[in-house]
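Observations on the model geometry
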Amino acid sequence: MDTSSGMVMSSGAGWAFIIAAAVVVASAWLGWSGRRRRRLLRSSFAPSDGTTTVRLHAFPRLEGSIGMSVPCAKVETWLRLNRIPYEICFTLDPTSVSPTGRLPCVEWQGQRLVESSEIISRLAREFRIAATSSSSSRGIATDGGGTGRPEATAAMSTADARGLLLQRLVEESARWAFGRHFYVDNFEYCARLYARGLQPLPLWCIRVILYFMLRRKAIAACNSHGMGDMTHEQYHDAFLRDVQCLEAMLSPSPHGDGDDEHPPPLTMVYANGSSCMSEYDGAVFGFLNNILANEIATDIPCPAFSFVKNSHVLNHYYRTIRKNLFPDWDRITSLVAVRAKSQQFVDF
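Nothing here was measured: the structure is a model prediction, and the numbers come from that model. (Residues numbered from 1 in each chain as written. Predicted model: local features only at pLDDT ≥ 70, side-chain atom pairs only at ≥ 80, totals over all residues. Heavy atoms only, no water.)

**So, the overall build of the protein**
- For the protein, the helix and strand inventory stands at 14 helices and five strands.
- By sequence separation, contacts in the protein at least 24 residues apart represent 73% of the contacts at least 6 residues apart.
- Accessible surface, the protein as shown: approximately 16,800 Å² in total, 56% of it carbon and sulfur. (Helix = DSSP H or I, 4+ residues; strand = E, 2+ residues; numbered from the N terminus. Contact = heavy atoms within 4.5 Å. Areas by Shrake-Rupley, 256 points an atom, 1.4 Å probe, with all protein chains shown as cover.)

**Focus on the side chain of Arg55**
- Mapped onto the fold, Arg55 is located in strand S1 (residues 54–58).
- Here Arg55 falls in the buried class, since its relative accessible area comes to 15%. (Buried < 20%, exposed > 50% of the residue type's maximum accessible area, 1.4 Å probe, protein only.)

**Observations regarding the packing of aromatic side chains**
- The full count for this structure, using the stated rule, is 15 aromatic pairs.
- Look at Phe182 and Tyr183: their rings are 4.8 Å apart centre to centre, the planes differ by 70°, and that puts the pair in the edge-to-face class.
- With a centroid separation of 5.4 Å and 90° between ring planes, the pair formed by Tyr211 and Phe212 is classed as edge-to-face.
- The class of Tyr211 is partly exposed, set by a relative accessible area of 35%.
- One aromatic cluster is present, built from ring pairs that chain together Phe178, Phe182, Tyr183, Tyr189, Phe239, Phe287 and Phe305. (Phe/Tyr/Trp six-rings, centres within 6.5 Å; stacked < 30°, edge-to-face > 60°.)

**Re unusual backbone geometry**
- Of note, the bond from Leu103 into Pro104 is cis; its omega dihedral lies within 30 degrees of zero at 10°.
- Along the chain, the position of Pro104 falls in the loop between strand S2 (86–90) and strand S3 (105–108).
- Residues other than glycine seldom take positive phi values, yet Arg83 does so here, at roughly 55°.
- Within the secondary structure, Arg83 sits in the loop between helix H2 (70–81) and S2.
- For Arg83, a relative accessible area of 26% gives the class partly exposed.

Listed below in structure tokens is the structure:
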């Protein structure tokens, strides 16, 4: 009896030591990152090395996926759409590279640029690219052809308005619904998914890192956007309506005959309503990547995930952009590449 009690006490003391060690490590890391962030804020746009190459700082990729951050995917997709060579560096600590403590962050000609839309706007001016650059004008093939980007007018065009609405949908409402479901309600699955690319760190250590780096911030973001006030059923219903709206906006008019097993061919429609890719498609592609590039739709029950997985329109849209802009997908999302600290992209 005494021996058994002693074993229990010993086991409990061991766990207490592990927990205490994790708290000490996390506290030390948070203190260091806070000091690092304050230094960055004081230096504002001070460069790390005065590089003249576009250097994109983003969250790590996952095996088979370019990553789980919609803003990071948005910027990377835009860079590829416009065939701008870049280096992408991966970090789980945004405060170590970003003046605002958020990703993506781009280093360009001695400056640090933050916020995805501002990054695209600034680089578009630097490279003399129209704000709504189309794929046809850059030589990217599309399924439905096209006549180029919408004609510029003083007021916002219908195409730009449509694209902006879809971009806002996936960057706000749908994004935070996904965040609550993935980072909050299914945090254990999230940790195991990241662990495949962050080895040899033990799973318990990854849980601690992701809790402070992702889950805690995801909870705060969901609460600030009203997602935390919804019940489980309410936010699932809202999430499902978002992806249904996305499919409706991207649905083209089918041409030809078809049936349930062999649907008619589709004329490709992008976020701005035309047959040409634009900057708005980066965010939509990044959002769909979170669901379609992994086994999330199968592993985590969710009506919205199931809808996206079974949507012919959304899968066709996702595969078309992935094929045209990421021909090196298998290489850059392989397990070896995912564990690298950085990758370089040269025009394909």
